[in-house]
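# Understanding the architecture of this molecule
As a plain string of letters, each chain reads:
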Amino acid sequence: MYLLIPAAGSGKRMGADRNKLLLQIRSKPLIAWTLLAAEAASSISWIGIVSQPPDWDDFKSIIADLRLKKTIELISGGSTRQESVYNGLQALPSHAKRVLIHDGARCLATPNLLNACSEAIIDCFGLIAAVPVKDTIKVVKDNGVIKNTPDRQQLWAAQTPQGFDVKLLKQCHDEGIRQGWEVTDDAALFEKCGIEVRIVPGEETNLKITTPQDLAMAEFILSSRE
Ligand code: C5P
């Protein structure tokens, strides 16, 4: 399975002055934990890290330190996640039929989850890992007043990995560019194009590391796995 890792963001919401994926968690850069999970997932054979060229020296030395055995390519990132995935798709080997996309910032996803998604995408065109939401979710207007409360039974929190048929995902990205759609995950492009996306049970610990509090949670979760 081909795996694209969007890793070209900044550290803005983290309050960091550099790519948050280079911040340390338990004595390793955040992205190292994501890469170790990908290396340990037997279904993954090729890894494309989509990142900003000024970070490439750092990424290269992380890859060397981890002594990863899988084929790894560095691909130039874009100014949004959507653009970064687009660039990643263009860099896939031409014979790639299916792809998993997994945010570099989700460094707690287990090899089992990556393998489960690789297996499930063989039988469908699009899927995402997701978990049912525990909180009651409110839709809130600009003036800070609640507009409505969606039925919690139908709400799931989207995670990555997300898996897709490569040809269809490329078509959906192209349509997104034509229509000016701005999305925060790839499943949203499939949905907008009217293509079915399935849910695969995700993991409660599969946090997207975004804030300093998430970093502390990640430290805790990783230490509890030792
Ligand atoms: O910012 P956020 O954590 O929501 O981004 C999700 C993932 O997308 C991260 O792994 C981040 O590195 C990546 N990203 C990217 N290119 C961008 C912005 C974000 O690859 N321009």
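Here is what the cut-offs are and how they apply
- Counting restarts for each chain: residues are numbered from 1 in the order of the written sequence.
- Whole-chain, interface and lining totals are the exception, using all residues; otherwise, since this is a predicted model, local features are given only for residues with pLDDT of at least 70 and side-chain atom pairs are given and counted only at 80 or more.
- Side-chain measures here rest on the full set of heavy atoms in the structure, leaving out hydrogens and waters.
- Count a disulfide wherever a pair of cysteine sulfur atoms falls within 2.5 Å.
- Burial classes: relative accessible area under 20% of the type maximum marks a residue as buried, over 50% as exposed, and values in between as partly exposed (1.4 Å probe, protein chains only).
- Whether a residue is near a molecule or strand depends on its heavy atoms: it is near if one of them lies within 4 Å of it.
- We define a polar contact as two N or O atoms separated by no more than 3.5 Å, with the added condition that, inside protein, one atom must be a possible hydrogen donor and the other a possible acceptor, whereas residues neighbouring each other in sequence contribute only through side-chain atom pairs.
- Per-residue and other accessible areas follow the Shrake-Rupley method at a 1.4 Å probe size, with only the shown protein chains counted as cover for residues.
- Only DSSP runs of H or I covering at least 4 residues are called helices, and only runs of E covering at least 2 are called strands; the numbering of each starts at the N terminus.
- A residue's pLDDT is the predictor's confidence in that residue, given on a scale from 0 to 100.
- Under the convention used throughout, the expected extent of a helix is 1.5 Å for every residue step, that is, one less than its residue count.
- By construction, the arc corresponds to the directions joining the helix axis to the C-beta atoms.
- In what follows, residue pairs with any heavy atoms lying within 4.5 Å of each other are defined as contacts.

## Description of the state of the cysteines
- Scanning all chains against the criterion turns up zero disulfides.
- Free cysteine Cys107: the closest other cysteine sulfur is in Cys117, separated by 17 Å.
- Its relative accessible area of 3% is what places Cys107 among the buried residues.
- In this structure Cys172 is a free cysteine whose sulfur lies 3.7 Å from that of Cys193, the closest cysteine sulfur available.

## What to know about the site of the ligand
- The local shell around the ligand holds 16 residues, among which Pro6, Ala8, Lys20, Ser84 and Lys208 are the closest.
- Arg13 is positioned with one of its side-chain polar atoms (N or O) 2.9 Å from an oxygen atom of the ligand.
- Gly78 is positioned such that a nitrogen or oxygen atom in its backbone is 3.0 Å from a nitrogen atom of the ligand.
- The protein chains hide 86% of the 460 Å² of surface that the ligand would expose on its own.

## Description of the side chain of Gln159
- Note on placement: Gln159 falls in strand S10 (residues 156-165).
- Within the local environment of Gln159, its side chain forms a polar contact with the backbone oxygen of Glu203, the two atoms lying 2.8 Å apart.

## Observations concerning the confidence of the model for the protein chain
- Across the protein chain, the average pLDDT comes to 97, with 100% of residues at or above 70.
- Here the complex is predicted with pTM 0.97, and the ipTM for its interfaces comes to 0.99.

## Examining helix H5 (residues 166-179)
- For H5, with 14 residues, the first-to-last C-alpha span of 20 Å sits near the 20 Å given by 1.5 Å per residue.
- Within the sequence span of H5, burial applies to Val166, Leu169, Cys172, His173 and Gly176. The buried residues of H5 occupy one face: seen down the axis, they fall within an arc of 125°. In this structure, H5 carries Lys167 and Arg178 as exposed residues pointing more than 90 degrees from its buried face.
- Packing partners of the buried residues in H5 comprise helix H3 (81-91), strand S6 (98-101), S10 and helix H6 (186-192).
- Between a side-chain oxygen at the N-terminus of H5 and the backbone nitrogen of Lys167 the separation is 3.2 Å; the capping residue is Asp165.
- Remark: Gly180 follows H5 within two positions and exhibits a positive phi of approximately 70°.

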